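Chains, contacts and geometry: an overview
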Amino acid sequence: MFLSVIFALLALPRGALSQSSNQDSTIAELQRQLEEMRSQMAKMQNRITELEEAKGSAAVTKPSLDSILPQSQIRSAQAVRPQRDEAKSPEEATAFRYKGITLTPGGFLESTILVRARNENADMANSYTTIPLNGSSNANLSEFRGTVRNSELSLMIQGSLGSTNLKGYVETDFLGAAPTANYLESSSWTPRLRQMWVQFDRPSGWTITLGQMWSLLTTNRQGIANLTELRPGGEDGNYVVGFTWTREKAVRVTRNFHDKVWAALAVEDPESTYSAAFVPSNVMGLNTSANAASGVNLLPFLANYSNGQATTLAPDLLAKLAFEPGWGHFEIKALGRFFRDRIASTVTTKGHTNVTEGYGVGFGALMPFVNKKLEVSLEGLLGQGIGRYGSSGLPDVTLDPATGAMRPLRQAWIMGGVIYHRTSRLDLYAYGGDEYIGRYAFVSPTGTAAGYGSSLIDYTICTNEVALNACNGANRNIYEGTVGYWYRLYGGEHGRIEQGNQILYMHRNLWSGIGGAPRGGDIVVYSTLRFYLP
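So, a few notes on the structure that sits alongside this text. Keep in mind the model is a prediction, meaning the values are calculated, not measured.

Moving on to the pattern of salt bridges. In the structure shown here, the tally under the stated rule is 19 salt bridges. With its nearest N and O atoms 2.8 Å apart, the salt bridge here joins Glu375 to Arg221. Taken together, the positions of Glu375 in strand E14 (residues 374–384) and Arg221 in the loop between strand E7 (206–214) and strand E8 (247–257) put the pair 154 residues apart, joining distant regions of the chain. Grouping residues by exposure puts Glu375 and Arg221 together as buried. Through salt bridges with shared partners, a single network forms among Glu152, Glu171, Asp173, Arg192 and Arg194.

Moving on: the packing of aromatic side chains. Counted by the stated rule, this structure contains 13 aromatic pairs. Where Phe108 meets Tyr532, the ring centres are 5.4 Å apart and the plane angle is 55°; that geometry is what we call tilted. Taken together, the residues Phe108 in strand E2 (residues 101–116) and Tyr532 in strand E23 (residues 519–532) connect sequence positions 424 residues apart. You'll find Phe108 and Tyr532 in the same group, each marked buried. Summarising the aromatic geometry, the rings of Trp327 and Phe330 are spaced 6.2 Å apart at their centres and angled 45° between planes, so their arrangement reads as tilted. Residue class for Phe330 comes out partly exposed when judged on its relative accessible area of 25%. Joined through ring pairs, the aromatic side chains of Trp214, Tyr239, Phe243 and Trp245 make up one cluster.

Looking now at the pairing of strand E5 (residues 164–176). Taken together, the 9 bridges between strand E4 (residues 152–161) and E5 define a ladder with antiparallel strand orientation. Within E5, the position partnered with Met156 by the bridge is Tyr169. With antiparallel pairing between neighbouring strands as the criterion, E4 and E5 make up a hairpin whose turn holds 2 residues, including Gly162 at a positive phi of roughly 65°. In this sheet, strand E6 (residues 190–201) lies alongside E5 in antiparallel orientation, the contact comprising 10 bridges. Counterpart to Gly176 in the pairing with E6 is Thr190.

Conventions we followed
- Residues numbered from 1 in each chain as written.
- Predicted model: local features only at pLDDT ≥ 70, side-chain atom pairs only at ≥ 80, totals over all residues.
- Heavy atoms only, no water.
- Salt bridge = Lys/Arg side-chain N within 4 Å of Asp/Glu carboxyl O.
- Helix = DSSP H or I, 4+ residues; strand = E, 2+ residues; numbered from the N terminus.
- Buried < 20%, exposed > 50% of the residue type's maximum accessible area, 1.4 Å probe, protein only.
- Phe/Tyr/Trp six-rings, centres within 6.5 Å; stacked < 30°, edge-to-face > 60°.
- Pairing = 2+ DSSP bridges.

Dropping the structure here:
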């Protein structure tokens, strides 16, 4: 009844009240009150509209809110539990609407200082397979670097086509380098493509993703969803020894079974690396062989660009099952690979093509404890010819000295990590990993060392600093241990600022030969300040 009277009064012309009464002062007061009510109701209506628009925008962007930021530097929404003495800070992503789609920029700006006890002539990423050997010149020289190249920028594009959710995502950093890039004067580093993919997500639980993305073998935090990769929480551009990953062109199909079980298949762009003490004559299909010298100038397997081969036969085949039974996240993974090269025909030799296969099986797990304040992760992979999927960059294959065939190398690795969410501002972490590669030794037609890890390799000359600079052999295993923290200095509507320090030790062992085997280790310290975009 009261509202009816109010609306009736609002509908009256302003002069009608003055004509119905002679009490001018009372009418004037009533008109003033009505004007105030009109103003308040307009403000309420505007507020309601803003809330409805914000709710609609959150419904679109919230599933990928944290995932547009690097998972190594954020805590999952499930793990964040503000304590009583901690103020909650909003971290809503800023999204823009344009012609029916939602655009969400993301990423961070970073400034890092790092010091290595032994010189690697490297940048953000440690060179695990070339850790300086004890006694070499680089083992007696330290290394200091300052860099901003690890800064990342990203853009998520979201929309819908009927009942199908559409996503597009692009992510870049500045770890690319043109042939003339250097630190001498301008430090003009080029942008590097990290990810670029499109995704079709159906209500039935089927998802199809096409483009460049993290490998299906990379462990996820939740389900098998892009941008939920369980990356180590440190500052090293090569992550941690034992971490399984690539970022390659792929086609992935995923099926979600009631948010409890996920299954996925993927075909991913192949590439391979080799290491051989003896290379037969006229082998084709390697990055340094004659067939790679023409017609392929735009491909990234040329000498001085990559150690990959130029004649990949078929894509890598991958499969994964993920389970979330109510506590934790668990995965099993499988990999199939194909390798090919060729012995070219000559006047005296008939040419032939060699094809061999590789495989891998692995697991991943993320387990929360102490009301999700403590996260324990564990993952591993073993098989033959799987080197490209490990952080260390170990080779996939060696070469048979007689036939030239690529022989997949036996490999296995494991990595474990602990993250402790001490407060809503402070995260402490520790990781450790080890990667192992087996021997596949031959004797060459001339009686010298061939294959990988031959015991005929002579280390007796590696007795002084000058000789050690050129001394090298086949890696047997590489391991690492690291600890660090991230502290949130600021978090709010203007983004957030985090400061982190990390220290790591990494070690490299070679396969033994004549006179034993050299070894090497290095200590690296990082200090980073990051500003995450709002």
